[in-house]
Number of protein chains: 4
Amino acid sequence: MEVRLLRHTPEPELLVASAAKLCYSKVGIEDITKNLSRKKQNEFIKKLLKMGHLSPFEHISFTFGIEGISRACTHQLVRHRIASFSQQSQRYVSFEKEEYIVPRTIKKGLKTKFERLAEDSLKFYQELIEEGVPQEDARYILPQAFCTKIVVTMNARELFHFFNLRCCNRAQWEIRQMAEAMLVEAKKIAPNIFMKAGAPCVQGACPEGELSCGRPKRRHLTAS
Amino acid sequence: MEVRLLRHTPEPELLVASAAKLCYSKVGIEDITKNLSRKKQNEFIKKLLKMGHLSPFEHISFTFGIEGISRACTHQLVRHRIASFSQQSQRYVSFEKEEYIVPRTIKKGLKTKFERLAEDSLKFYQELIEEGVPQEDARYILPQAFCTKIVVTMNARELFHFFNLRCCNRAQWEIRQMAEAMLVEAKKIAPNIFMKAGAPCVQGACPEGELSCGRPKRRHLTAS
Amino acid sequence: MEVRLLRHTPEPELLVASAAKLCYSKVGIEDITKNLSRKKQNEFIKKLLKMGHLSPFEHISFTFGIEGISRACTHQLVRHRIASFSQQSQRYVSFEKEEYIVPRTIKKGLKTKFERLAEDSLKFYQELIEEGVPQEDARYILPQAFCTKIVVTMNARELFHFFNLRCCNRAQWEIRQMAEAMLVEAKKIAPNIFMKAGAPCVQGACPEGELSCGRPKRRHLTAS
Amino acid sequence: MEVRLLRHTPEPELLVASAAKLCYSKVGIEDITKNLSRKKQNEFIKKLLKMGHLSPFEHISFTFGIEGISRACTHQLVRHRIASFSQQSQRYVSFEKEEYIVPRTIKKGLKTKFERLAEDSLKFYQELIEEGVPQEDARYILPQAFCTKIVVTMNARELFHFFNLRCCNRAQWEIRQMAEAMLVEAKKIAPNIFMKAGAPCVQGACPEGELSCGRPKRRHLTAS
């Protein structure tokens, strides 16, 4: 799996703080980005996060390029509706390489068998195409393990929600790996904004009950 | 494939006409649904559709239950973001029956081979589960042809958009079949609202150029 | 202010429970609404609410007709984006009656003065129209206190969010009154679904700090 | 009215072209932004616009700061739901200056009377506040002509839709002025993307009938 941050709104923390400042003060548009030292920005951001006043975080967006993830994973990913996606089409682009995901729980002999079946499927896919079957139909035989590529854009408020759901231990492991890699990238650019982003237990209690994922309780308490 | 209309807003044409009437007249809420004969409702609906004033059509929604469609199809379906979905989970529900879609373009010997490979995949999936692999991981080997079940709710405005894209000859055949079955159901309930719903060529010109799908031009002209 | 529930998805609790049942079991579409006694429905609904699995609540929607609320109030209302609105147009419908809201904090002599100014504004508005000024321009002189009518549709998940924000003591009083009246109507139709809907303190702790609205702490504890 | 482009996704045309390229080719994420000369980008953008394949335009967003517009105007603006807003609060920020919009159709004696009434309203607003009435209640007397400030973020696809509706001669004049100023700014940054953005008649036929706004027919034909 490869996750790259392709683009983001420039100076994201400054923009969030500026938009928030406009809501609560007499400042004009010309001046909203002025006199907002890093320290002041951080104070604003902390306050907004604490109050749950999240709309200013919508003004900044992040675009990720992701490859080496399975169609099983993107089927979950594209369920997020406040987001924009451009995915490599299986209707227009044909498969050539054996790019697929073998879950870690499938080991040894089972893994060998998994790989043989995946490769047989790919070979048959290619045979179908050679026989004149359209790519969009041939792909029906491809296992969900096969990889795809996708460009994803979300604003920071939606990223909070996404990380909340998908960095959780209860999320499916592949999308969790992806979410965690996205969070690492987002933190590099906007550390104050994403400081407490992640699974709910990073901020406090787990909504599903404290031990629902089996994570030891102590870690809950110290994680924040 | 089976498509059922499970629920819809009652008296949908009356509600759309009432909401529109409120926008343009002095009527009070108590009276907006009064004195709206079927004839008057239809006039309102026709006018709204002609002017492209589509927001009143958002007040009515339709819930479909769909089964016997492939995961390849639902991966496209859930890209529609102004919609609500409840899909049978491959994490919590295991597969038993050989329910998968074989595209019609795959015939004779190829079809036999397709079926053998699909069944081998299902058997291996079951073996994985018996060996203790979690369902959410075992499913990676299942081809995209395998069936799923989904409940979908969309409002009428979004259905217009959905039918516009997915009833088109250029749409992938499985999702087109599904969209056409949904349109048939919707028309039974709200015939005036969905009278001209469907591919763009039903209403007039094709935005992609007149012959992009190979459909004969004459049919374009007479379809409306 | 008058708030009426105009329409709603029929048997909403059954539909939510059915959609949820599909996610977690092997049932077919034909049977998802079967064998769901009221008791079973309630168990499903309680479980979904407790786990925060809220997407099945999107399948049901509620349409309200509201009149006798100020434009100050609807300006806040239409900020909710996962909702559909049809509002009486000030461009196409002219004002005749003195329908405006006087906040309760404006009393006695100030109230008399408020009313005089509101009526002067309305008279001048009518003079402008008589002089040939378009309605859409004449309305610029009308105070934000003037009333409007609106039809609003939201699904139950968005209603949860709406009630959470707008039934709170920290919400502006007019939109809070409106939200509370909507909640009363919704509860009549789907009592199990909306049982714990409302300000965050109905369910548990206030996210803004326990005493931020001045509400006594004891009431927090007993409200749920 | 003052409209400033505060921020935008860097190199927006390159990002749109790259995302589109991913959909249709075998390229990897690392290379999607490579070998995309300005000429190639423009070809991609033209093709996408022509086919109506608009999702890649969602990856880029534009943030505008706007001041000197009336609350009558922002009430319309915030109806756009695929957008993010931060507006100066009338609950937390009090009015001091006489900042309001007088529509051009209100002239001479009527204008003088309009101004007197607006100023009386502001004085009474200030009196209310001095008497202890909360700002959120005092503002009920302020005419809709009074100005506000707002930060707006939209992605390019939503901007297409916004310009389509709001640059049209049939849109209300104040929001049209605002939309046109936004379009000018957007065109500076992404000229190829916004080349044909604007009212529907810029691209071709008017959906409401050719002469519905009174604009001469010839201009329709030559505008594109």
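Residues numbered from 1 in each chain as written. Chains lettered and ligands numbered in written order. Predicted model: local features only at pLDDT ≥ 70, side-chain atom pairs only at ≥ 80, totals over all residues.

Draft legend 1. Expanded view of the relation of the copies chain B and chain C. Superposition record for chain B on chain C: RMSD 0.0 Å, screw rotation 180°, translation along axis 0.0 Å. Here the symmetry operator amounts to a two-fold rotation axis. Measuring from the rotation axis to each C-alpha of chain B, the shortest distance belongs to Thr-9 of chain B, at 2.6 Å. Looking at the interface residues of chain B, 100% of them are also at the interface in chain C, so both copies use one shared face. (Least-squares fit on C-alpha atoms with pLDDT ≥ 70 in both. Contact = placed C-beta atoms within 7 Å.)

Draft legend 2. How the structure looks around the interface of chain A and chain D. Contact residues are listed per partner, giving 37 residues for chain A and 37 residues for chain D. If you list the elements that add at least two residues to the side of chain A that touches chain D, you get β1 (2-8), α1 (12-24), β2 (61-70), β3 (84-87) and β4 (147-155) of chain A. It is α1 of chain A that provides the largest number of residues to the side of chain A that touches chain D, a total of six residues. When grouped by side-chain class, the residues that make up the side of chain A that touches chain D number 15 nonpolar, 15 polar and seven charged. (Helix = DSSP H or I, 4+ residues; strand = E, 2+ residues; numbered from the N terminus. Nonpolar A, V, L, I, M, F, W, Y, C, P; charged D, E, K, R; others polar.)

Draft legend 3. Geometry of helix α6 (residues 156-166) of chain C. Where α6 of chain C is concerned, the buried positions are Ala-156, Arg-157, Leu-159, Phe-160, Phe-162, Phe-163 and Arg-166 of chain C. Check the buried side of α6 of chain C and you find it contacts β2 (61-70), β4 (147-155), α7 (173-189) and α8 (191-194) of chain C. (Buried ≥ 20, exposed ≤ 12 C-beta atoms within 10 Å, placed from the backbone.)

Draft legend 4. Quick look at the sheet that holds β4 of chain A. Spatially, β1-β2-β4-β3 (chain A) is the arrangement adopted by the four strands of the open sheet, whose pairing is antiparallel. Unpaired on one side and paired on the other, β1 and β3 of chain A mark the two borders of the sheet. Direction aside, neighbouring strands of the sheet carry axes that sit 20° apart on average. One ladder, built from nine bridges, connects β2 of chain A with β4 of chain A; its direction is antiparallel. The residue of β4 of chain A that forms the bridge with Gly-65 of chain A is Val-151 of chain A. In the packing of helix α7 (residues 173-189) of chain A onto the sheet, contacts are made with β1 and β2 of chain A, and the angle to β1 of chain A comes to roughly 40°. Against the sheet, helix α1 (residues 12-24) of chain D makes contact with β1, β2, β3 and β4 of chain A, and its axis sits at roughly 50° relative to β3 of chain A, the strand it touches most. (Pairing = 2+ DSSP bridges. Axes fitted to C-alpha atoms, helices over the stretch in contact; angles between N-to-C directions.)

Draft legend 5. Layout of the relation of the copies chain A and chain D. Its rotation angle being 180°, the transformation that places chain A on chain D also includes 0.0 Å of axial translation and leaves an RMSD of 0.0 Å. Residue by residue, 100% of the interface of chain A is reproduced at the interface of chain D, so both copies engage with the same surface.

Draft legend 6. Representation of the interface of chain B and chain C within the structure. Contacts between chain B and chain C engage 37 residues on the former and 37 residues on the latter. The set of elements that each furnish at least two residues to the side of chain B that touches chain C consists of β1 (2-8), α1 (12-24), β2 (61-70), β3 (84-87) and β4 (147-155) of chain B. Here the residues of the side of chain B that touches chain C sort into 15 nonpolar, 15 polar and seven charged.

Draft legend 7. The arrangement of the sheet that holds strand β1 (residues 2-8) of chain C in detail. Residues and elements named next belong to chain C. Strand order in the open sheet formed by four strands is β1-β2-β4-β3, and the pairing between neighbours is antiparallel. Every other strand in the sheet has two partners, leaving β1 and β3 (84-87) as the edge strands with one partner each. Direction aside, neighbouring strands of the sheet carry axes that sit 20° apart on average. Of the strand pairs in this sheet, β1 and β2 are connected by six bridges, and their pairing is antiparallel. Bridge pairing in β2 places Glu-2 opposite Glu-67. In this fold α6 packs onto β2 and β4, with an angle of close to 125° to the strand it touches most, β4.

Draft legend 8. Looking closely at unusual backbone geometry. Non-glycine residue Lys-108 of chain A carries a positive phi angle of around 45°. Its place among the elements puts Lys-108 of chain A in helix α4 (residues 108-130). One non-glycine residue, Glu-11 of chain C, lies in the positive phi region at around 45°. Mapped onto the fold, Glu-11 of chain C is located in the loop between β1 and α1 (12-24). On the basis of neighbour counts, which here come to 16 C-beta atoms within 10 Å, the residue Glu-11 of chain C falls in the partly exposed class.

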